[in-house]
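Per-entry structural report
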Amino acid sequence: MNKQVLGIDTSNYRTSAAVYETETGVWQNRGRLLDVPEGGIGLRQSEAVFQHTVHLHKMIAALPSNQPLDAIGVSTRPRAVEGSYMPCFLAGENVARAAAHLLGVPLFACSHQQGHIAAAALSAGRLDLLDREFLAWHLSGGTSELLLVRPGKGGLPETEIIGGSDDLAAGQLVDRCGRLFGLPFPAGAELDKLQQTCEAPILAFRPKVKDCWFSLSGVQNQSEMLTKRGLARRMVARFAIETVSNAVVEATRQALERWPLPVLCAGGVMCNSFLREQLSQTFECCFAETELSGDNAVGVALLAARQLGHRE
């Protein structure tokens, strides 16, 4: 029987809600970026919670209501580890718990990161990965982690961090470079357009990568220095993106030497055209489509549907 599941995700970047049909695999997502003041690179948690409270009901109301809900899923924390917490997720969790109680349907929780992984697997046409071991990159505004993913209890993926950036997240670097150029937040899409106009050779450096770990803070410092020296914005943008790409490619290579597994790429930074091209040319990677690369509630709804299936 085809069942319909509602997913809710209230991250530090976007308010989103989605419905997912268990038999057809059809999904619909509604979301909006949080409003960040011009020149800013983020929000205080109190402001994020306020904006979610104002907009979440609108996202839910914009979804189709052609059949009753059979379950509700919600992301309640950034990562599925002890101590992972961010107040903005409380806005979605409170709505989800109240709705599940009033409708008399089960509520299933997951982490924001688990939702990203599920959405990427769905978008890439590789839901089979959720039932086996694989490697996954989660590159976003607050996370740059290389994960070893295994099937977990109730259909939820279990993750183990095996590499990534040990200081600045790739998305943070992108947004800080964007602020140098006066680009809107988040700056990923505009910075990508900018670097695509760069045809001249760029002297990007290759960060040291040891056991799949690397640092990106130096890339920000170099980008600021090059900007002060008057280097064209498109060249600085390409320098930053190409340097990040070098680190990610090398970390992936090191990981595959130890874990020869499929590689799934998730998170908003993975929309970058140069990074996708470099990874695709070097490895057999699976990528989410742009709509499901950034923060969204589709993966949350999908995981709730999987948990519902395991319960029945």
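Below you will find a few notes about this structure. (Residues numbered from 1 in each chain as written. Predicted model: local features only at pLDDT ≥ 70, side-chain atom pairs only at ≥ 80, totals over all residues. Heavy atoms only, no water.)

Okay, the sheet that holds strand β3 (residues 27–33) next. Paired through their backbone hydrogen bonds, the strands of a sheet run either parallel or antiparallel. With respect to topology, five strands assemble into an open sheet ordered β3-β2-β1-β4-β5, the strand pairing being mixed. This sheet does not close on itself; its edge strands, each paired only once, are β3 and β5 (107–111). Sheet twist, expressed as the mean angle between neighbouring strand axes with direction ignored, is 15 degrees. Two elements, strand β2 (residues 14–21) and β3, share seven bridges in a ladder whose sense is antiparallel. Looking across to β3, one finds that Thr15 is bridged to Arg32. Its contacts with the sheet put helix α1 (residues 45–61) on β1 (4–10), β2 and β3, and the angle it makes with β2 is roughly 25 degrees. (Pairing = 2+ DSSP bridges. Helix = DSSP H or I, 4+ residues; strand = E, 2+ residues; numbered from the N terminus. Axes fitted to C-alpha atoms, helices over the stretch in contact; angles between N-to-C directions. Contact = heavy atoms within 4.5 Å.)

Turning next to the pattern of salt bridges. Side-chain pairs of opposite charge can arise whenever the charged atoms involved come near each other. In the structure shown here, the tally under the stated rule is 11 salt bridges. Between Arg150 and Glu133 there is a salt bridge, with its nearest N and O atoms 2.8 Å apart. Residue Arg150 is located in strand β7 (residues 144–151), and its partner Glu133 is located in the loop between α3 (112–123) and β6 (134–139); the two are separated by 17 residues in the primary sequence. Exposure remark for Glu133: the relative accessible area of 33% places this residue in the partly exposed category. Glu257 is the salt-bridge partner of Arg253, the closest N and O atoms lying 2.4 Å from each other. In this pair, Arg253 and Glu257 both sit in helix α7 (residues 233–258), four residues apart, roughly one turn of the helix. Look at Glu257 and you get exposed, because its relative accessible area is 58%. Taken together, the shared-partner salt bridges connect Glu133, Arg150 and Glu160 into one network. (Salt bridge = Lys/Arg side-chain N within 4 Å of Asp/Glu carboxyl O. Buried < 20%, exposed > 50% of the residue type's maximum accessible area, 1.4 Å probe, protein only.)

An order of β9-β8-β7-β6-β10-β11 is seen for the six strands of this open sheet, with the pairing classed as mixed. Across the chains shown, the open sheet's two edge strands, defined by having one partner strand only, are β9 (213–214) and β11 (285–287). Taken strand by strand, α3 contacts β6, β7, β8 (157–165) and β10 (263–266), and its axis lies near 115 degrees from that of β10.

Counting 49 residues, the largest nonpolar core has Trp137 and Leu279 as the members making the most contacts within it. Broken down by element, the residue count for this core peaks at 12 residues, all from α7. In this view, Leu279 contacts Val248, Val249, Thr252, Cys265, Met270, Cys285 and Phe287; residues no more than four positions away in its chain are not counted. Of all hydrophobic cores here, the second largest spans 33 residues; its members include Val5, Leu147, Leu156 and Ala305. (Core = buried A, V, L, I, M, F, W, Y, C linked by side-chain atoms within 4.5 Å.)

For strand β4 (residues 71–77), the tally of buried residues reaches six of seven residues, placing the bulk of the element in the interior. Handedness of the crossover is the feature at issue here: the chain leaves β4, passes through helix α2 (residues 88–103), returns alongside β5, and the resulting connection is right-handed. (Right-handed = clockwise from strand over helix to strand, strands pointing away.)

The topology assignment puts Asn272 in the loop between β10 and α8 (273–282). Given a relative accessible area of 8%, Asn272 falls into the buried group. Within the structure, the side chain of Asn272 is placed 3.1 Å from the backbone nitrogen of Phe274, a separation counted as a polar contact. Engagement of the side chain of Asn272 in a polar contact is seen with the backbone nitrogen of Leu275, the distance being 3.0 Å. Setting aside residues up to four positions removed in sequence, Asn272 forms contacts with Asp192, Gln195 and Ile241. (Polar contact = N/O pair within 3.5 Å; in protein donor to acceptor, adjacent residues only side chain to side chain.)

All right, on to α2 then. Over its 16 residues, α2 runs 24 Å from end to end, which matches the ideal 22 Å to within 8%, given 1.5 Å per residue. Summarising the contacts, the buried residues of α2 are in contact with β1, α1, β4, β5 and α3. Gly104 sits one or two positions beyond α2 and adopts a positive phi of about 70 degrees. (Expected span 1.5 Å × (residues − 1).)

What follows deals with the packing of helix α4 (residues 170–180) against α7. As a packed pair, α4 and α7 sit with axes 10 Å apart at the nearest point and diverge in direction by 170 degrees. Comparing their axes, α7 and α4 come out roughly antiparallel. Residues Ala170, Leu173, Val174 and Cys177 of α4 pack against Ala240, Ile241 and Val244 of α7. Considered class by class, the residues forming the contact of α4 with α7 number seven nonpolar, no polar and no charged. (Parallel < 35°, antiparallel > 145°, perpendicular 65-115°, else oblique. Nonpolar A, V, L, I, M, F, W, Y, C, P; charged D, E, K, R; others polar.)

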